[in-house]
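In case you want the letters, here they are:
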Amino acid sequence: MTYEIVRHYKENSFDNVVIKTGLTLEEAREHCHDPETSSSTCEEFENTERTRKMGHWFDGYREE
């Protein structure tokens, strides 16, 4: 069984986007526990700019 990372946007004008595929459950969970995978906890410029331009977002995982 593999998992994919999906970036979810709060604003309805932006579609959710699959950003990684083929992960183990452990890899998917590790990704989602990173503070940089949510607009409410990120600090890196790329991620704060995404928040400024697109609104609130977070990464989640689901089975492929």
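Here the structure is a predicted model, which means the values were calculated and not measured.

(A) A look at the environment of E11. Within the secondary structure, E11 is located in the loop between β1 (3-9) and β2 (17-23). Taking the C-alpha atoms as reference points, E11 and M54, separated by 43 residues in sequence, lie 7.5 Å from one another. If sequence neighbours within four positions are ignored, E11 has contacts with M54 and G55.

(B) A look at the environment of H33. Along the chain, H33 turns up in the loop between α1 (25-32) and α2 (45-54). What makes H33 exposed here is its relative accessible area of 67%. Once the C-alpha coordinates of H33 and G60 are considered, the two residues, 27 residues apart in sequence, prove to be 9.6 Å apart. Only 2.6 Å separates the side chain of H33 from the backbone oxygen of R29, close enough to count as a polar contact.

(C) Focus on the packing of aromatic side chains. Under the definition given, this model contains one aromatic pair. Its guanidinium or amino end placed over the ring of W57, R50 lies 4.8 Å from that ring's centre, counting from NZ or CZ.

(D) Highlighting α2. Of all the positions in α2, only N47, E49, R50 and T51 are classed as buried. Where the residues of α2 are buried, they touch β1 and β3 (57-63). Backbone geometry just downstream of α2 places G55 in the positive-phi region, at approximately 90°.

Conventions we followed
Residues numbered from 1 in each chain as written. Predicted model: local features only at pLDDT ≥ 70, side-chain atom pairs only at ≥ 80, totals over all residues. Heavy atoms only, no water. Helix = DSSP H or I, 4+ residues; strand = E, 2+ residues; numbered from the N terminus. Contact = heavy atoms within 4.5 Å. Buried < 20%, exposed > 50% of the residue type's maximum accessible area, 1.4 Å probe, protein only. Polar contact = N/O pair within 3.5 Å; in protein donor to acceptor, adjacent residues only side chain to side chain. Phe/Tyr/Trp six-rings, centres within 6.5 Å; stacked < 30°, edge-to-face > 60°. Lys NZ or Arg CZ within 6 Å of the ring centre and 35° of its normal.

Distances and angles like these do not, on their own, reveal function.
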